Amino acid sequence: MTTVVSKQDSTREFAFEKADFKNVQQMLFKKAGINLSDAKEAMVYSRLARRIRARNLRSFNDYLALVNKSESELEQFINALTTNLTSFFREPHHFTALADYLSQHNVTNIWCAASSTGEEPYSIAMVVAEAYGSFKTQVKIIASDIDSKVLAKAKAGVYPLASIAKIPLHRQKQFFHKGKGANEGKVKVVDELRNMVQFKKLNLTDAKWDVKGPLDVIFCRNVMIYFDKPTQLKVLQKMVGMLKPSGLYMAGHSENFNMYTNLVRPVGKTIYRPVD
Ligand SMILES: C[S@@+](CC[C@H](N)C(=O)[O-])C[C@H]1O[C@@H](n2cnc3c(N)ncnc32)[C@H](O)[C@@H]1O
């Protein structure tokens, strides 16, 4: 049997001991509630080595000391370690449920609570615009994320052409401009749709959230999986408290809250309603 020696370890520019990884895990949990699994060790090294280099530092210790005292480096640290995977109309059944909900209720407020690069809140905005046959509606859509880099991308609303390939043509035509010349291969969300969404930076593990209830629908998808159970429960409790009695909470495909029977009841696939 051959022993596999990680090539990366021997060629690493900065020493990265188990203790360094533990310190990163603890810091990320403290600042963002995110539980980094041990499997992410290599990813952490490569993403943070870039920051250590950028700040002309020599070790992970020095870097974490900087993160502790500098707000701007803390922001970079969080941006570097978040997972931002998303897509337009991801988990499409939620958008069908949203369209149904809009047809039956007088909706005023929707919150997309981990909006990443914007595909999710813009998908919500498309469904709202279609429900009203107009970009001008009474529905306020708030989209938030802890990561300032993805929020900037979301606000810009520029995506690779391939990212809208699965969206039906009529939606592509109504909601996107195709780039030409230097922008060939890119699309931009039309201004009217962009204006329907208000983006803000928000840490779900902060004690206070700058979002006003009561809310009709909360999309909080594929972020709770990064939190431990007590944090999940705290966030869920707070969110459910902000929902209208008829409101909906949309969870990610691997997020299950069926056990919190005193808080929510399932009303569809990963869709919950507050209990009376
Ligand atoms: C995997 S993406 C999910 C994006 C989208 N909701 C979806 O399902 O397609 C997870 C997002 O959660 C954000 N996030 C992680 N921890 C957070 C926290 N404590 N507060 C707010 N957002 C957080 C990340 O920055 C990332 O953009």
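An unreviewed UniProt entry lists the protein chain under the name Chemotaxis protein methyltransferase, with Alteromonas marina given as the organism. You can read under Function (unreviewed entry) in the UniProt record for the protein chain the words "Methylation of the membrane-bound methyl-accepting chemotaxis proteins (MCP) to form gamma-glutamyl methyl ester residues in MCP."

Draft legend 1. Just the nonpolar core, in detail. Of all hydrophobic cores here, the largest spans 52 residues; its most connected members are F77, W111, L204, M239 and Y249. For this core, the secondary-structure elements that each account for two or more residues are α2 (18-32), α3 (41-54), α4 (60-69), α5 (71-81), β7 (215-220), α11 (229-242) and β8 (243-251). Here this core takes 6 residues from α3, the largest share from any one element. Here this core gathers at least three residues from each of two domains, domain 1 (7-81) and domain 2 (93-158 + 189-274). When near neighbours in sequence (up to four residues on either side) are disregarded, L204 contacts W111, A113, W209, C220, V223, F227, V235 and M239.

Draft legend 2. Up close: the sheet that holds strand β3 (residues 158-160). The strand order across the open sheet built from 3 strands is β3-β5-β4, with neighbouring strands paired in antiparallel fashion. Edge strands, defined here as strands with exactly one partner in the open sheet, are β3 and β4 (176-178). Averaged over all pairs of adjacent strands, the angle between their axes in this sheet comes to 30 degrees, without regard to strand direction. Inspection of the sheet shows β4 paired to strand β5 (residues 186-189) by 3 bridges, in the antiparallel sense. Note that in β5 the partner of H177 across the bridge is K188.

Draft legend 3. How the structure looks around the site of the ligand. Around the ligand there are 22 residues in total, and T86, A114, E120, D145 and N222 lie nearest to it. A32 places a main-chain nitrogen or oxygen 2.9 Å from a nitrogen atom of the ligand. Here a nitrogen atom of the ligand sits 2.8 Å away from a polar atom, N or O, in the main chain of A114. When atom positions are compared with the pocket grids, the ligand is found to occupy the largest pocket. In terms of residue class, the shell around the ligand is built from 10 nonpolar, 7 polar and 5 charged.

Draft legend 4. Expanded view of the layout of surface pockets. By volume, the largest pocket is sized at about 430 Å³. Looking at side-chain class alone, the lining of the largest pocket contains 14 nonpolar, 10 polar and 5 charged residues.

Draft legend 5. Expanded view of the pairing of strand β1 (residues 109-112). Every second residue of β1 is oriented toward a common face, with N109 and W111 on one face and I110 and C112 on the other, all of them buried. Pairing between β1 and strand β2 (residues 140-145): 4 bridges, direction parallel. Within β2, the position partnered with N109 by the bridge is K140. Traced from β1 through helix α7 (residues 119-132) to β2, the parallel crossover comes out right-handed. Judged from the 3 bridges that link them, β1 and β7 form a sheet pairing that is parallel. Note on β7: the bridge partner recorded for C112 is F219.

What counts, and where the lines are drawn
Residues numbered from 1 in each chain as written. Predicted model: local features only at pLDDT ≥ 70, side-chain atom pairs only at ≥ 80, totals over all residues. Heavy atoms only, no water. UniProt positions renumbered as here; feature names shortened; annotations may be inferred. Core = buried A, V, L, I, M, F, W, Y, C linked by side-chain atoms within 4.5 Å. Buried < 20%, exposed > 50% of the residue type's maximum accessible area, 1.4 Å probe, protein only. Helix = DSSP H or I, 4+ residues; strand = E, 2+ residues; numbered from the N terminus. Domains from an automatic or database assignment. Contact = heavy atoms within 4.5 Å. Pairing = 2+ DSSP bridges. Axes fitted to C-alpha atoms, helices over the stretch in contact; angles between N-to-C directions. Near = heavy atom within 4 Å. Polar contact = N/O pair within 3.5 Å; in protein donor to acceptor, adjacent residues only side chain to side chain. 1 Å grid on protein atoms, 1.4 Å probe; cavity = no way out; pocket = protein on both sides within 12 Å on 5 of 7 lines; lining within 4 Å. Sits in = over half its atoms within 2 Å of the grid points. Nonpolar A, V, L, I, M, F, W, Y, C, P; charged D, E, K, R; others polar. Points joined across faces, edges and corners; volume = space filled by probe spheres on them. Right-handed = clockwise from strand over helix to strand, strands pointing away.

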